[in-house]
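Secondary and tertiary structure notes
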Amino acid sequence: MPPLVDSFGRLHHNLRISVTDRCNIRCFYCMPEDAKNFQPRSEILTFEEIERFVQVAARLGVDKLRITGGEPLLRKDLPVLIRKLAAIPGIRDLAMTTNGVLLAESAPALYEAGLRRINIHLDTLDRERYRQITRRDDLDRVLEGIERCLALGFHPVKINAVAVKNLVEPDLAPLARFGRQRGVEIRYIEFMPLDSQGLWDRDKVLLMDDILEVLRREIGPLDPIPDQDPRAPATEFRFRDGVGRVGFIASVSKPFCLNCNRIRLTADGHLRYCLFALEERNVKTLLRDGSSDEDIARLIQETVQAKWLGHEINTSRFVPPPRPMYAIGG
Ligand code: SF4
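Here's a quick rundown of the structure. (Residues numbered from 1 in each chain as written. Predicted model: local features only at pLDDT ≥ 70, side-chain atom pairs only at ≥ 80, totals over all residues. Heavy atoms only, no water.)

**Section: unusual backbone geometry**
Of note, the bond from Gly 69 into Gly 70 is cis; its omega dihedral lies within 30 degrees of zero at 5 degrees. The residue Gly 70 is located in the loop between strand S2 (64-68) and helix H2 (78-86) in this model. Cis rather than trans, the peptide bond between His 155 and Pro 156 has omega equal to -5 degrees. In this structure, Pro 156 sits in the loop between helix H5 (139-152) and strand S5 (157-163). Residue Arg 135 is not a glycine yet carries a positive backbone phi of 60 degrees. Within the secondary structure, Arg 135 is located in the loop between helix H4 (127-134) and H5. Classification of Arg 135 by relative accessible area gives partly exposed; the value is 29%. Although it is not a glycine, Asp 227 adopts a positive phi angle of roughly 55 degrees. (Helix = DSSP H or I, 4+ residues; strand = E, 2+ residues; numbered from the N terminus. Buried < 20%, exposed > 50% of the residue type's maximum accessible area, 1.4 Å probe, protein only.)

**Things to note about the layout of surface pockets**
A volume near 160 Å³ is recorded for the second largest pocket. Along its surface, the second largest pocket is lined by Pro 255, Phe 256, Cys 257, Leu 258, Leu 309, Gly 310, His 311, Glu 312, Ile 313, Asn 314, Thr 315 and Arg 317. (1 Å grid on protein atoms, 1.4 Å probe; cavity = no way out; pocket = protein on both sides within 12 Å on 5 of 7 lines; lining within 4 Å. Points joined across faces, edges and corners; volume = space filled by probe spheres on them.)

**Focus: the nonpolar core**
Membership of the largest hydrophobic core comes to 109 residues, with the highest contact counts inside it found for Leu 15, Ile 17, Ile 67, Leu 85, Tyr 188, Val 246 and Ile 300. Of all the elements, helix H1 (residues 47-59) adds the most residues to this core, at seven residues. With sequence-adjacent residues up to four places away left out, Val 246 is seen in contact with Ala 176, Glu 185, Ile 186, Tyr 188, Leu 215, Leu 222, Thr 235, Glu 236, Phe 237 and Phe 239. (Core = buried A, V, L, I, M, F, W, Y, C linked by side-chain atoms within 4.5 Å. Contact = heavy atoms within 4.5 Å.)

**Focus: the site of the ligand**
Taken together, Phe 256, Cys 257, Cys 260, Arg 262, Arg 264, Cys 274, Leu 275, Phe 276, Gly 310 and His 311 make up the full set of residues adjacent to the ligand. Tallied by class, the residues present in the shell around the ligand amount to six nonpolar, two polar and two charged. (Near = heavy atom within 4 Å. Nonpolar A, V, L, I, M, F, W, Y, C, P; charged D, E, K, R; others polar.)

**Some points on the side chain of Thr 20**
By the secondary structure assignment, Thr 20 is in the loop between strand S1 (14-18) and H1. Polar side-chain contacts of Thr 20 include one of 3.0 Å to the backbone nitrogen of Arg 22. Residues in contact with Thr 20, not counting those within four places in the same chain, are Thr 68, Gly 69, Gly 70, Glu 71, Pro 72, Ala 267 and Tyr 326. (Polar contact = N/O pair within 3.5 Å; in protein donor to acceptor, adjacent residues only side chain to side chain.)

**Focus on the pairing of strand S8 (residues 235-239)**
The sheet contact formed by strand S7 (residues 222-224) and S8 spans three bridges and is antiparallel. Bridged to Asp 223 within S8 is Arg 238. Pairing between S8 and strand S9 (residues 245-249): four bridges, direction antiparallel. The partner of Thr 235 across the bridge, within S9, is Phe 248. (Pairing = 2+ DSSP bridges.)

**Describing the packing of aromatic side chains**
Under the counting rule described, the total for this entry stands at eight aromatic pairs. Taking 5.2 Å as the distance between ring centres and 75 degrees as the angle between the ring planes, the aromatic pair formed by Phe 28 and Tyr 29 counts as edge-to-face. Taken together, a centroid distance of 5.1 Å and an interplanar angle of 70 degrees make the contact between Tyr 111 and Phe 154 edge-to-face. Highlighted residues: Tyr 111 in helix H3 (residues 103-113) and Phe 154 in the loop between H5 and S5, separated in sequence by 43 residues. Assessed through its relative accessible area of 22%, Tyr 111 is described here as partly exposed. For Phe 154, a relative accessible area of 3% gives the class buried. Grouping aromatic residues by their ring pairs yields a cluster made of Phe 28, Tyr 29 and Phe 191. Above the face of the Phe 239 ring, Arg 180 is positioned so that its terminal group lies 4.6 Å from the ring centre. (Phe/Tyr/Trp six-rings, centres within 6.5 Å; stacked < 30°, edge-to-face > 60°. Lys NZ or Arg CZ within 6 Å of the ring centre and 35° of its normal.)

**Some points on the pattern of salt bridges**
Where charged atoms from two side chains of opposite charge approach closely, those side chains can pair. Counted by the stated rule, this structure contains 38 salt bridges. With a closest N to O distance of 2.7 Å, Asp 171 and Arg 129 form a salt bridge. Of this pair, Asp 171 sits in the loop between S5 and helix H6 (172-182) while Arg 129 sits in helix H4; the two residues are 42 residues apart in sequence, bridging distant segments of the chain. With relative accessibility at 17%, the residue Arg 129 sits in the buried group. As a salt-bridge pair, Asp 209 and Lys 254 come within 3.0 Å of each other at their nearest N and O atoms. (Salt bridge = Lys/Arg side-chain N within 4 Å of Asp/Glu carboxyl O.)

Have a look at this one:
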């Protein structure tokens, strides 16, 4: 089967898999406090269905997987899925993104199942601001989860921090110091228009260059890391004193769509060629109606063939995707 190359010549080998649309925190820029209308259990792909989909995708060249949500640790027996995916021929990289609230107790089983790379979503080390952002009081549990992962040997451990302007400026340097002390990379993510309540506004985006300026002023000089993989979403820097590195996912100010290599499988079995896609294809039906692996492979190829050049956040044509972030997965 031919590799997954789109009409712009981009090779796709990176699959993000959302295993649930539910979450145990309520970040204001993602989910309303009273969120409901989650997918019923029957509409969520089973581990066996996800495994079969990945087996087909791996034969098309997919070799990198990231487990996401909602909050993936809400999915019961997640280590069972991790073990299945880690065993699929061709899969060489398996990672997960979590909010870390359930991580301390889950980390040993995840590690034992074969997971090694983990990103923890954490915007602040300040308890009050954590409560303000997530509408939960779980900062201590998240910090405990990070320490547990470091003790178990997860590597790399990264922190994803969404940078909302006029809110997290006091957290930027403390997070970087936290990372320098622990060998944890902090990834600052520009706020994207993916929230379900239409809160996003360009004035609320703390840009990569703004954050760099704060870190240089408050900590010290930073240098871009040479020879970075252009397909990786983050632009990475290291502190000149050799202690620690930070990354930036600057989707708004420095879009990286030209090198995009990602496709996304939603928890309810739809395949998306872009986080911001306005269309998607239903894989679940094929997984449940007796269709062949060839049929599924064809749908994956069609999805990649239909892929647009990139998001249109910086154009007047921009239309927010019909699904909010928690129903797509990071
Ligand atoms: S916005 Fe879409 S096309 Fe651009 S990098 Fe993200 S997923 Fe890829």
